[in-house]
Amino acid sequence: MDVIATAGHVDHGKSALVRALTGMEPDRWAEERRRGLTIDLGFAWATLASGRTVAVVDVPGHERFIGNMLAGIGPVPAALMVVAADDGWSAQTAEHVAVLDALGVRHALLAVTKSDLADPAPVLADATERLAATSMGAVPGVAVSALTGAGMPEFTAALERLLADLPAPDPAAPVRLWIDRAFTIKGAGTVVTGTLSGGTVAPEDRLRLGDRDVVVRGVQSLGRSVDRATATARVALNLRGIAVEDIARGDALLTPGAFRSTAELDVTLVGAPEDRLPAEAVVHVGSATVGARVRPLDGAAVRLRLGTALPLRVGDRLLLRDPGARRVFGADVRDVDPPELRRRGSARQRAADLAAQPGGSAGAAAELARRRLVRTADFTAMGWPLPDGAEQHGPWLLAPGLADSLAARIPDVVTRFRALRPLEPGPPVEVVRRALELPDADLAQALVRPPLMLRDGRVVDAAAALPPEVQRAVDAIRARLAADPFAAPEAPDLVAAGLGTRELAAAVRSGGLVRVGDGVYLAPGIAEVARRSLAALPQPFTLSQARQAWGTSRRVAVPLMEWLDAQGVTTRLPDNTRRLR
Ligand SMILES: Nc1nc2c(ncn2[C@@H]2O[C@H](COP(=O)(O)OP(=O)(O)OP(=O)(O)O)[C@@H](O)[C@H]2O)c(=O)[nH]1
Ligand SMILES: [Mg+2]
């Protein structure tokens, strides 16, 4: 399906043309039909000769309803420009064209209506020329009469060609459905409608609306229930989990996590205005309308503070409207999380940075270089693609080279920590996290590189672990244990070697000794040595048999046996014998 929106001066025959095309009545309200005037958005659709379906969003031409017009045209990729042959280019023709131009609409068809009332040729020529100067460029034009039907075949053929040339949106893109209507249907509950301009929606999808979760109960498109709707499409969603009072035109249903809402953003104006910008403007995007404070930075760069936060992404095109002077400006979103401007000259600097920042992937790289470290999900939700060379650690995205430079600082953190606390093997990860000013400990851990390593929640140097005199004493004990692995030194031996409680604890933390029980220290690897000699015994065996196999005293054998039980090397049976596991 394709979606197109009408545009043009009041009474120029937009709704009549939609009626002639679709056979449907776009003016939904009795008041509209009584007054012969479109007030709010109308919706109609048709299947064309080629089999292609087109949905039309019919907008009001009257200047008082420009807000409704903007909500209708906002999410729609193509415009049907209507100018009456007997009236020609008029005030709201110009206003609507300025809107389409500011929004950067590139696809349009011109219909010169009421060709039965006046020669359409001069108006066709004039309008085509004026449109050529806008984002729509060379617009195909046809003369048509909704009254007599003259020109309708040419009109539908031109429409087919226009639709065939529309770029196909990404069906896998995240959903941002700008709501244009919300109502209730008896038995179904809350229903919202909108133009789906990217992505796919299906029943049971979970979507976000502000800070709430909603579930799609059912999807309708063009009056029929469907298994799924893929952009571009007009859709009606039956929602679970929300009352109609809590939704309004301008709200957006979003793929969870894919967008972040922002009230402060930097934009660059498309075509710098000749005169000063208003301090207060109205921002239109999608079907939303919000007031904004406008702070010119320098040149085309402007900072906006929105009255209500919106789910915007870098690359979105906004419409800025100066309601007083009836001027509109297009504005490209450049940053949805802009830096504070505190110092003198920082606004000018920011404008210069924005002007220098390239678009696309290179822009994303520059942005990441500025932010250095950001959550990947946040970065993509801002609208940036992942730049080449960026590194990901868990949920974090690091500017190229940042991981290396952070990792290179860790040895120094370890050295300084150990100078202060020589008996501790190294700083806890949290100390490293704080020293590097990192947002989470997992990231600090991910940056630990050899010869540093993680042990028991600390960053330790595998090579240099203990103060030299402690290391020497441990080495001497290890030498004795190498000769007799079960001859744990007696308490007086340890004291004589200079190994007090703190030194022994440090030796255990550094991996130099294993503490199997109170005052009983053996060499690392003792579990395997003990297991091997137990394997030679008949199973199960008694403590006394184990002690003899190890050739040691009860002082060592009792705690070692229990330690092996705890390590899962041996199992203790009800009669107090053991067997290997
Ligand atoms: N003779 C003639 N009258 C037409 C034609 N198209 C529309 N009209 C008449 O012009 C008047 C306005 O037509 P609409 O279709 O309501 O105009 P509109 O552009 O939708 O107006 P708004 O939605 O209020 O901006 C109606 O009385 C129509 O019957 C046409 O091709 N020929
Ligand atoms: Mg109308």
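Just above sits the structure.
Note on numbering: residues in each chain are counted from 1, in written sequence order. Chain A is the first chain written and ligand 1 is the first ligand written, with later ones labelled in order. Per-residue local features are limited, in this predicted model, to residues with pLDDT of at least 70; the limit for side-chain atom pairs, both in listing and counting, is 80 or more; totals at the level of whole chains, interfaces and linings are taken over all residues. Side-chain numbers here rest on the full set of heavy atoms in the structure, without hydrogens or water.

Student: Lay out the coordination of the magnesium ion (ligand 2) in plain terms, naming residues and giving numbers.
Tutor: Donor atoms are limited to N, O and S found within 2.8 Å of the metal ion, a distance that becomes 3.2 Å for Na, K and Ca. With water left out, some sites might look partial. In this structure, S15 (OG) and T38 (OG1) serve as the protein donors to the magnesium ion (ligand 2), at separations of 1.9 to 2.0 Å. Within this pair, whereas S15 is found in helix α1 (residues 14–22), its partner T38 is found in the loop between α2 (30–35) and β2 (42–47), the two being separated by 23 residues in sequence. In this structure, S15 and T38 share a single accessibility class: buried. Each helix is a run of H or I in the DSSP string that is no shorter than four residues. Each strand is a run of E no shorter than two, and both are numbered from the N terminus. Partly exposed residues are those whose accessible area sits between 20% and 50% of the maximum for their type, while under 20% is buried and over 50% is exposed, using a 1.4 Å probe and protein chains only.

Student: Can you break down the pairing of strand β11 (residues 212–221) residue by residue, with the values?
Tutor: What makes two strands pair is DSSP finding at least two bridges between them. Where strand β10 (residues 206–209) meets β11, four bridges bridge the pair, whose relative direction is antiparallel. Bridging from a neighbouring strand, R208 pairs with D213 of β11. In textbook terms, the turn of a hairpin is the stretch between consecutive antiparallel strands, and for β10 and β11 this stretch comprises two residues, one of which, G210, has a positive phi near 60°. For β11 and strand β14 (residues 233–240), the ladder comprises five bridges, and the chain directions are antiparallel. Residue pairing for β14: V219 is matched across the bridge by L237. Strand direction decides the pairing type here: β11 and strand β12 (residues 224–226), joined by three bridges, are antiparallel. For V219, the partnering residue across the bridge sits in β12 and is V226. In sequence, β11 turns back onto β12 through a hairpin of two residues, with L222 there showing a positive phi of about 50°.

Student: Please provide a residue-by-residue account of the nonpolar core, values included.
Tutor: Buried residues of nine kinds, namely Ala, Val, Leu, Ile, Met, Phe, Trp, Tyr and Cys, make up a nonpolar core once their side-chain atoms join them within 4.5 Å. Counting 54 residues, the largest nonpolar core has L304, L306, L318 and I410 as the members making the most contacts within it. I410 has contacts with V432, L436, A444, L447, V448, L452 and V459, leaving out every residue within four places of it along the chain. Whether two residues touch is decided by their heavy atoms; if any such pair falls within 4.5 Å, the residues are in contact.

Student: So what about the packing of aromatic side chains? Which residues, and what values?
Tutor: Note on aromatic contacts: the rings of Phe and Tyr and the six-membered ring of Trp form a pair at centre separations within 6.5 Å, being stacked when their planes are under 30 degrees apart, edge-to-face when over 60 apart, and tilted otherwise. Enumeration over the complete set of coordinates arrives at two aromatic pairs. Ring centres of F486 and W550 lie 5.6 Å apart, and the angle between their planes is 20°; this geometry places the pair in the stacked category. Here the residue F486 occupies a position in the loop between α13 (468–483) and α14 (491–496), and W550 occupies one in helix α17 (residues 543–550), the gap between them amounting to 64 residues. By the criterion adopted, a ring carries a charge over it if an Arg CZ or a Lys NZ lies within 6 Å of its centre and within 35 degrees of its normal. The ring centre of F259 lies 4.6 Å from the NZ or CZ of R313, which sits over that ring.

Student: Any details on helix α15 (residues 501–509)? Residues and values, ideally.
Tutor: Note: α-helices contain 3.6 residues per turn, so residues at a spacing of three or four share the same orientation. For α15, every residue scored as buried is listed here: L504, A506 and A507. When α15 is viewed along its axis, its buried side chains cluster within an angular range of 160° and face the same direction. In α15, the exposed residues that point more than 90 degrees away from the buried face are T501 and R502. Of the surrounding secondary structure, the elements contacted by the buried residues of α15 are α13, α14 and β28 (520–522). Immediately beyond the C-terminal end of α15, within one or two residues, lies G511, with a positive phi of roughly 90°. The arc in question is the one traced by the directions running from the helix axis out to the C-beta atoms.

Student: Just give me the short version of the packing of α17 against helix α18 (residues 554–567), but keep the residues and values in it.
Tutor: Convention adopted: a line fitted to C-alpha atoms gives each axis, helices being fitted over their contacting stretch, and angles between N-to-C directions are expressed from 0 to 180 degrees. As a packed pair, α17 and α18 sit with axes 10 Å apart at the nearest point and diverge in direction by 110°. It follows that α17 is roughly perpendicular to α18 by the angle criterion. In this structure, the crossing between α17 and α18 has a hand that is right-handed. Judged by residue contacts, L543, A546, R547 and W550 of α17 engage R554, A557, V558, L560, M561 and L564 from α18. Throughout this entry, Asp, Glu, Lys and Arg are counted as charged residues, while Ala, Val, Leu, Ile, Met, Phe, Trp, Tyr, Cys and Pro are counted as nonpolar. The remaining residues, Gly among them, count as polar. Looking at side-chain class alone, the contact of α17 with α18 contains eight nonpolar, no polar and two charged residues. Orientation is classified from the angle alone, with under 35 degrees giving roughly parallel, over 145 giving roughly antiparallel, 65 to 115 giving roughly perpendicular, and any other angle giving oblique. When the near helix sits turned anticlockwise from the far one by under a right angle, the crossing is termed left-handed; a clockwise turn instead gives a right-handed crossing.

Student: A description of the site of ligand 1 should follow, citing residues and the corresponding values.
Tutor: Here a residue counts as near a molecule or strand whenever at least one of its heavy atoms sits within 4 Å of it. Surrounding ligand 1, one finds 19 residues, the nearest of these being K14, A16, T38, G61 and A146. Whenever a nitrogen or oxygen atom comes within 3.5 Å of another N or O atom, the pair is scored as a polar contact, on the condition that within protein one atom can donate a hydrogen and the other can accept it, and that pairs from neighbouring residues in sequence are kept only if both atoms are in side chains. At 3.0 Å from an oxygen atom of ligand 1 is found a main-chain nitrogen or oxygen belonging to D11. Here an oxygen atom of ligand 1 and a side-chain polar atom of T38 are 2.6 Å apart. Note on areas: Shrake-Rupley, 1.4 Å probe, and residue coverage restricted to the protein chains presented here. Surface burial for ligand 1 is 80%, taken as the share of its 640 Å² of free accessible area covered by protein chains.

Student: So what about unusual backbone geometry? Which residues, and what values?
Tutor: Cis geometry marks the peptide bond from A231 to T232, where omega comes out at -5°. Following the sequence through the fold, T232 ends up in the loop between β13 (229–230) and β14. Following Q539, the chain continues to P540 via a peptide bond in cis, the omega torsion being -10°. Take P540: it is sitting in the loop between α16 (526–535) and α17. The phi angle at E437 is positive, at roughly 55°, despite the residue not being glycine.

Student: Before we move on, could you go through a negative patch on the surface and cite the residues and values that matter?
Tutor: Surface patches are defined over residues having more than 30% relative accessible area and no salt bridge, joining like charges when they lie within 9 Å and nonpolar side chains (Val, Leu, Ile, Met, Phe, Trp, Tyr) when within 5 Å. In what follows, salt bridge is the name for a side-chain nitrogen of Lys or Arg lying within 4 Å of a carboxyl oxygen of Asp or Glu. The charge count includes Lys and Arg as positive and Asp and Glu as negative, but it does not include His or the ends of the chains. One atom stands in for each charge, and that atom is NZ of Lys, CZ of Arg, CG of Asp or CD of Glu. Side chains of D11, D86, D87 and D116 sit close together on the surface and give a patch of like negative charge. Judged by its relative accessible area of 52%, D11 is exposed.

None of the figures reported here should be taken as evidence of function without further support.
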